[in-house]
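# Summary of the model geometry
For reference, the chains in residue letters:
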Amino acid sequence: MLKFLKIFLPAGAGAASVLSLAYIAADQFIVDIPAPIREAIELNAAQAQEAKDAKAAAAAELAARNEELALAGLAPSISGGYGLGREALVEEIAAWDDDVRPDGHGLPAGSGDVFMGEEVFIEKCSMCHGDFGEAVGRWPVLAGGFGTLTRQDPVKTIGSYWPYLSTVFDYVNRAMPFGEANSLSPDEVYAITAYLLYVNDLVDDDFTLSNENFNEVRLPNEENFKDDDRLEVEFPQFVRPDICMENCKETVEITMHASVLDVTPEETAARQAAEAAEAAAEAAPEATVEAAAADTGLDPALVAAGEDLFKKCRSCHQIGEGAVDRTGPHLNGVVGRVIGAHDGFNYSGTLADAGAAGGVWDEATLGAFLANPKAAMPGTKMSFAGFKSDEDIAAMIAYLQSAGGQ
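Here's what I pulled together on the structure shown here.

Rules of the game
Residues numbered from 1 in each chain as written. Predicted model: local features only at pLDDT ≥ 70, side-chain atom pairs only at ≥ 80, totals over all residues. Heavy atoms only, no water. Helix = DSSP H or I, 4+ residues; strand = E, 2+ residues; numbered from the N terminus. Buried < 20%, exposed > 50% of the residue type's maximum accessible area, 1.4 Å probe, protein only. Contact = heavy atoms within 4.5 Å. 1 Å grid on protein atoms, 1.4 Å probe; cavity = no way out; pocket = protein on both sides within 12 Å on 5 of 7 lines; lining within 4 Å. Points joined across faces, edges and corners; volume = space filled by probe spheres on them. Axes fitted to C-alpha atoms, helices over the stretch in contact; angles between N-to-C directions. Parallel < 35°, antiparallel > 145°, perpendicular 65-115°, else oblique. Left-handed = near helix turned anticlockwise from the far one by under 90°. Nonpolar A, V, L, I, M, F, W, Y, C, P; charged D, E, K, R; others polar. Phe/Tyr/Trp six-rings, centres within 6.5 Å; stacked < 30°, edge-to-face > 60°. Polar contact = N/O pair within 3.5 Å; in protein donor to acceptor, adjacent residues only side chain to side chain. Core = buried A, V, L, I, M, F, W, Y, C linked by side-chain atoms within 4.5 Å. Salt bridge = Lys/Arg side-chain N within 4 Å of Asp/Glu carboxyl O. Patch = residues over 30% accessible without salt bridge, like charges linked within 9 Å, V, L, I, M, F, W, Y side chains within 5 Å. Areas by Shrake-Rupley, 256 points an atom, 1.4 Å probe, with all protein chains shown as cover. Arc of directions from axis to C-beta.

### What to know about the overall build of the chain
Helix and strand content of the chain: 16 helices and two strands. Expressed as a percentage of its 406 residues, the buried residues of the chain come to 31%. A separation threshold of at least 6 residues defines the contact pool for the chain, and within that pool the share at least 24 residues apart is 54%.

### Details of empty space enclosed by the protein
By the definition in use, this model includes one cavity of 30 Å³ or more. Taken as a whole, the largest cavity spans an internal volume of roughly 600 Å³. Forming the walls of the largest cavity are 36 residues, and the residues nearest its centre are His317, Gly328, Pro329, Phe369 and Met382. Elements supplying a minimum of two residues to the lining of the largest cavity: helix H7 (186–199), helix H14 (363–371) and helix H16 (390–402).

### Brief notes about the packing of helix H6 (residues 165–175) against H7
Running from N to C, H6 and H7 point in directions that differ by 130°, and their axes come no closer than 10 Å. If you check the angle between H6 and H7, you find them oblique. When the axes of H6 and H7 are compared, the crossing they make is right-handed. Touching Leu165, Val168, Phe169, Val172 and Asn173 of H6 are Val189, Tyr190, Ile192, Thr193, Leu196 and Leu197, all from H7. Grouping the amino acids of the contact of H6 with H7 by side-chain chemistry returns nine nonpolar, two polar and no charged.

### Here we look at the packing of aromatic side chains
Here the structure, examined in full by the defined rule, presents eleven aromatic pairs. Centre to centre, the rings of Trp361 and Phe369 are 5.0 Å apart; their planes meet at 55°, and the pair counts as tilted. Residue Trp361 is classed as buried on the basis of its relative accessible area, which comes to 7%. The exposure class assigned to Phe369 is buried, which follows from its relative accessible area of 7%.

### A short note on unusual backbone geometry
Geometrically, the link from Met176 to Pro177 is a cis peptide bond, its omega value of -5° lying close to zero. With respect to the helices and strands, the residue Pro177 is situated in the loop between H6 and H7. Here the phi dihedral of Asn247 falls at roughly 55°; this positive angle occurs in a residue that is not glycine. Position of Asn247 among the secondary structure elements: in the loop between helix H9 (235–238) and helix H10 (258–261). Looking at Asn247, the relative accessible area reads 82%, which means it is exposed.

### Here we look at the side chain of Asp99
If you trace the backbone, Asp99 turns up in the loop between helix H3 (90–96) and strand S1 (111–113). Among the polar contacts made by the side chain of Asp99, one reaches the side chain of Arg101 at a distance of 2.7 Å. Filtering out sequence-adjacent residues up to four positions away, Asp99 remains in contact with His105, Gly106, Asp170 and Arg174.

### A short note on the nonpolar core
Ranked by size, the top nonpolar core spans 60 residues in total, and within it Met396 and Leu400 carry the most contacts. Those elements that place two or more of their residues in this core are helix H4 (114–124), H6, H7, helix H12 (300–309), helix H13 (349–356), H14 and H16.

### Quick look at the pattern of salt bridges
Applying the stated criterion to the full structure yields six salt bridges. Between Asp99 and Arg101 there is a salt bridge, with the nearest N and O atoms lying 2.7 Å from each other. Arg230 is the salt-bridge partner of Asp228, the closest N and O atoms lying 2.7 Å from each other. Relative accessible area serves as the criterion here: at 48%, Arg230 is assigned to the partly exposed category. Three or more residues joined by partner-sharing salt bridges are found here, namely Asp98, Asp170 and Arg174.

### Considerations on a nonpolar patch on the surface
Together, Leu231, Phe235, Phe238 and Val239 make up an exposed nonpolar region whose accessible area comes to about 470 Å². Position of Val239 relative to the elements: it lies in the loop between H9 and H10. Residue Val239 is classed as partly exposed on the basis of its relative accessible area, which comes to 47%.

### Some words on H13
Listing the buried residues of H13 in full gives Leu351, Ala354 and Gly355. One face of H13 carries all of its buried residues, which in axial projection span an arc of 95°. For H13, exposure combined with an orientation more than 90 degrees from the buried face picks out Asp353 and Ala356. At the exit of H13 stands Gly358, carrying a positive phi of roughly 95°.

### Remarks on the packing of H4 against H7
One can describe the packing of H4 onto H7 by two numbers: an axis separation of 7 Å at closest approach and a directional angle of 95°. Put simply, H4 runs roughly perpendicular to H7. On H7, the residues touching Val114, Met116, Gly117, Glu118, Val120, Phe121 and Lys124 of H4 are Asp187, Glu188, Ala191, Ile192, Ala194, Tyr195, Leu196 and Tyr198. Its residues assigned to classes, the contact of H4 with H7 comprises ten nonpolar, one polar and four charged.

### As for the layout of surface pockets
The computed volume of the second largest pocket comes to approximately 420 Å³. Surrounding the second largest pocket, 24 residues form its lining, Cys125, His129, Leu142, Tyr171 and Met176 being those nearest its centre. Across the lining of the second largest pocket, the residue classes break down as 18 nonpolar, two polar and four charged.

So this is what it looks like as structure tokens:
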């Protein structure tokens, strides 16, 4: 007992003294947390709790919805997942059912003209498809390609291949612009569709497309699309009772594409001959142009510059030996020719009237047209905005002259 009093009594008294000093120091030197910080901490805590409550509420709502679906016999495949494997709800089908049919079913109310379509197309589409649908790089060509479907490499465009205008409208509406799908208004889609018809030379520049006249438009290749009758015509040929199904090879190996394997040598020879003739025809204009430049005394450098600029025109025009009309007329001999007088081409009323009034594509008239086609010939079908400099215009006229103009 005496030993206890000597050891633990002083220790207890010392501990009490230390605690007393600590309390006094804390009471004098430790201050409260500043009010803004304390409020922020309290606010964050409240927000965290609110988020936690919201998450719990969403989970409860989803669980209740899943339970509702389960009671209706429409249980999702994975609890709390995306509901894959169940029947689609009526509301879901209604949200997805926005396609447009060939008969116009599904079209929204609206309208858009060629000029509006040109503006929207240049802003939202031309970086991939070019100003006139001629395509940039490896993006799809949207205009021209007429008469190419029988070639080995046909150019399938809206004008040459697509069957129905509803296909154009539906694709633009739901998939374009690239990266911004389904962002266009109905009027913008009508306008772009009208512009695509225009650059394919299917409508005039004053055309307006709407849900009212949509079904009046027919694409040139519609008749070449047939209903799928393979089930009635082809399938019976493979299930005939007299078909031999004995002594078949044990294995089948694909060794080569049929076109490479040359399974039809006669057709291949004819195709190769046609391709060689076409290549020769395409190569001939350059030699002719160079010779013409030398014969006419034109500046070869200026002609070469114009030939390079003509790349902007190739999607619509051809020039040189073998040139034919495309979206625009061929330009052989255009310098000095009566305006709108090339036989067989369907000119706009503006150019036809200019020619009827005695207008001629002299250098002054042609220069003004190349600088600003729509200002020089209001109503022209040509969508090209024009060359920006006098040097480019002079080069282009020189090139046109070298290819058979005066």
